[in-house]
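Topology and contacts: notes
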There are 2 protein chains.
Amino acid sequence: MPEADNRAVVDLLGVLAYAELTAFDRLAEDARLAPTLDGRASLARMAAAEIGHHGRLHERLVEHGADPSEAMAPFVRALDAFHEGTRPSTWLEGLVKAYVGDGLATDFYREIAAFLPPPDRDLVLEVLADTGHADFAVREVRAAITRDRRLAGRLSLWGRRLVGEAISQSQAVIAEHDRLAALIVVGTGDLAGVGRLIERITAAHTDRMKTLGLNP
Amino acid sequence: MPEADNRAVVDLLGVLAYAELTAFDRLAEDARLAPTLDGRASLARMAAAEIGHHGRLHERLVEHGADPSEAMAPFVRALDAFHEGTRPSTWLEGLVKAYVGDGLATDFYREIAAFLPPPDRDLVLEVLADTGHADFAVREVRAAITRDRRLAGRLSLWGRRLVGEAISQSQAVIAEHDRLAALIVVGTGDLAGVGRLIERITAAHTDRMKTLGLNP
């Protein structure tokens with residue numbers, strides 16, 4: 001595999017660092033929708049885990065000689081637009097977003113991490129590791145659907161909206177960042193490789209929707 | 001010193017656990033007012049530290065055989081009222097609240113912790129330890145006042161409002177919780193002891209306002 005361009009690595013760590021910061025924000029906001037103090041604390045803990053990851057990426061950017069704020073800046077608009085466009089209006093929508101949205105993002109970053117040199121690859125895989133909170137979202141959403149079947153239809157639509165927004169924002173990010181695009185195309189080998197990458201991510205998304213008891 | 005009533009210990013750990021949960025919320029909300037990505041990440045890290053403390057208190061409540069949500073419930077109204085009544089409208093107000101408000105609360109809980117048996121006392125002192133973030137607030141507020149002197153007057157008023165709200169809500173909490181009131185009176189020895197406790201807390205508050213460059 002050809003050595004990844006150092007600036008492409010900084011781009012990837014930058015987008016990921018900002019993604020963790022917005023994930024913190026969003027989880028903290030959704031925590032306030034929790035119907036119980038336990039649920040609120042669970043989401044707050046997920047948020048805290050994200051900011052811990054942000055800190056690790058921040059340090060690594062500094063080691064690369066990059067200014068972390070500058071590395072994050074080019075991605076602020078697209079990620080904010082994603083979150084603005086998918087603001088949950090209920091506790092359950094927030095949980096579906098935490099599970100399905102983060103799952104999508106994690107798969108995407110994990111695929112790209114495979115093209116990085118070992119120290120950066122290991123760091124990215126580490127900050128993407130599930131902190132066990134996915135189980136919480138799955139349990140809560142499944143229990144709610146069992147109590148009220150009509151929720152399944154509404155939350156399935158919501159899941160499809162999340163994936164639509166995620167695709168459109170990722171395309172915008174990649175179209176504007178040639179180095180990231182090159183990293184993906186070179187890493188996957190060719191455009192057919194990119195196609196297979198998208199297929200893997202889509203299949204995993206379908207599995208997650210089913211795990212929640214929703215129609216993909 | 002007489003052994004503290006176990007239920008009073010649960011009360012204190014309960015109010016503190018809920019205080020950490022609301023501190024998380026509030027810091028996470030204020031992070032969004034940050035003028036820079038660095039400032040936003042700093043406040044998010046403070047929020048994460050609070051939720052870590054919440055987790056420690058949660059565990060200890062379980063060890064005491066208490067249900068953490070039930071232990072927190074009696075204090076939800078007063079603490080929410082404090083935060084509703086002191087919602088910062090600017091980034092600097094948020095920082096003054098983080099420094100002055102948390103300082104007041106910390107001093108108060110630390111005084112009461114002295115009356116607890118060692119394992120609980122040590123835990124409370126540990127979760128109250130400053131995570132180094134106070135320096136950040138002091139630096140930002142002092143720099144802002146140097147740039148614009150008029151801010152000092154406005155932020156001084158804000159500091160006085162914080163202390164007024166804090167006193168009125170603490171009185172409400174103590175008046176409604178006989179075991180906590182007894183813990184404080186027995187611990188300080190008598191009402192004169194309570195008076196000296198309040199004096200120490202007030203003196204420390206005055207010092208903090210001066211540290212920020214504000215009129216107490």
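Structural notes, computed from the coordinates. (Residues numbered from 1 in each chain as written. Chains lettered and ligands numbered in written order. Predicted model: local features only at pLDDT ≥ 70, side-chain atom pairs only at ≥ 80, totals over all residues. Heavy atoms only, no water.)

Some details on the side chain of R26 of chain A
Residues and elements named next belong to chain A.
- In this fold, R26 is placed in helix 1 (residues 6–31).
- With relative accessibility at 7%, the residue R26 sits in the buried group.
- Beyond its immediate chain neighbours, meaning those up to four positions away, R26 contacts H83, K97, A98 and D102. (Helix = DSSP H or I, 4+ residues; strand = E, 2+ residues; numbered from the N terminus. Buried < 20%, exposed > 50% of the residue type's maximum accessible area, 1.4 Å probe, protein only. Contact = heavy atoms within 4.5 Å.)

So, helix 10 (residues 191–212) of chain B
All names here are of chain B.
- Between the first and last C-alpha of helix 10 there are 32 Å, a value that for 22 residues agrees with the 32 Å anticipated at 1.5 Å per step.
- Where helix 10 is concerned, the buried positions are G193, V194, L197, I201, H205, R208, M209 and L212. Viewed end-on, helix 10 has its buried residues packed into an arc of 160°, placing them on one side of the element. Residues E199 and K210 are exposed on helix 10 and point more than 90 degrees away from its buried face.
- Where helix 10 is buried, its residues contact helix 5 (91–113), helix 7 (134–147), helix 8 (150–176) and helix 9 (178–188).
- Where helix 10 begins, the capping side chain belongs to D190, and its oxygen is found 3.2 Å from the backbone nitrogen of A192.
- Just beyond helix 10, the residue with positive phi is G213, at close to 85°. (Expected span 1.5 Å × (residues − 1). Arc of directions from axis to C-beta. Polar contact = N/O pair within 3.5 Å; in protein donor to acceptor, adjacent residues only side chain to side chain.)

Remarks on the packing of helix 5 (residues 91–113) of chain A against helix 7 (residues 134–147) of chain A
Residues and elements named next belong to chain A.
- Helix 7 packs onto helix 5 with a crossing angle of 140° between their chain directions and a minimal axis gap of 9 Å. Taken together, the axes of helix 5 and helix 7 lie oblique to each other. Handedness of the helix 5/helix 7 crossing: left-handed. Contact residues: W91, L92, L95, V96 and Y99 in helix 5; A134, F136, A137, V138, E140, V141 and A144 in helix 7.
- For the contact of helix 5 with helix 7, the class distribution of residues is 11 nonpolar, no polar and 1 charged. (Axes fitted to C-alpha atoms, helices over the stretch in contact; angles between N-to-C directions. Parallel < 35°, antiparallel > 145°, perpendicular 65-115°, else oblique. Left-handed = near helix turned anticlockwise from the far one by under 90°. Nonpolar A, V, L, I, M, F, W, Y, C, P; charged D, E, K, R; others polar.)

Observations concerning the environment of M72 of chain B
- Note that M72 of chain B resides in helix 3 (residues 68–72).
- Spatially, the C-alpha atoms of M72 of chain B and L16 of chain B are 8.1 Å apart, while their sequence positions differ by 56 residues.
- Residues within four places of M72 of chain B in sequence aside, it is in contact with L37 of chain A together with G14, A17, Y18 and H54 of chain B.

Some remarks on the packing of aromatic side chains
- Tallied over the entire structure, the rule returns 5 aromatic pairs over all chains.
- Relative to F24 of chain B, the ring of F24 of chain A lies with its centre 6.0 Å away and its plane at 70°, an arrangement referred to as edge-to-face. Placement of F24 of chain A in helix 1 and of F24 of chain B in helix 1 (residues 6–31) is noted, with the two residues assigned to different chains. Accessibility classification places F24 of chain A together with F24 of chain B in one group, the buried group. (Phe/Tyr/Trp six-rings, centres within 6.5 Å; stacked < 30°, edge-to-face > 60°.)

Some details on the relation of the copies chain B and chain A
- Overlay of chain B on chain A (RMSD 0.0 Å): rotation 180°, translation along the axis 0.0 Å. Such a combination of turn and shift is consistent with a two-fold rotation axis. Relative to the rotation axis, the C-alpha of A48 of chain B is the closest in chain B, positioned 2.2 Å from it.
- Of all interface residues in chain B, 100% are interface residues in chain A too; the two copies therefore contact each other through one and the same surface. (Least-squares fit on C-alpha atoms with pLDDT ≥ 70 in both.)

Examining the interface of chain B and chain A
- Facing 23 residues of chain B, the contacting portion of chain A comprises 23 residues.
- For the pairing of chain B and chain A, the buried interface totals around 2000 Å² over both sides, and the portion due to carbon and sulfur atoms is 58%.
- Three residues, R32, L37 and R40 of chain B, lead the burial of chain B against chain A; their summed loss comes to 28% of the area buried on that side.
- Between R32 of chain A and D25 of chain B there is a salt bridge, with its nearest N and O atoms 3.5 Å apart.
- Between the two partners, chain B and chain A, sit 6 residue pairs in polar contact (both at pLDDT 80 or more).
- Looking at the side of chain B that touches chain A, the elements with two or more residues in it are helix 1, helix 2 (37–63) and helix 3 of chain B. (Buried area = accessible area lost by both parts, 1.4 Å probe. Salt bridge = Lys/Arg side-chain N within 4 Å of Asp/Glu carboxyl O.)

By themselves, these observations are geometric and do not establish any function.
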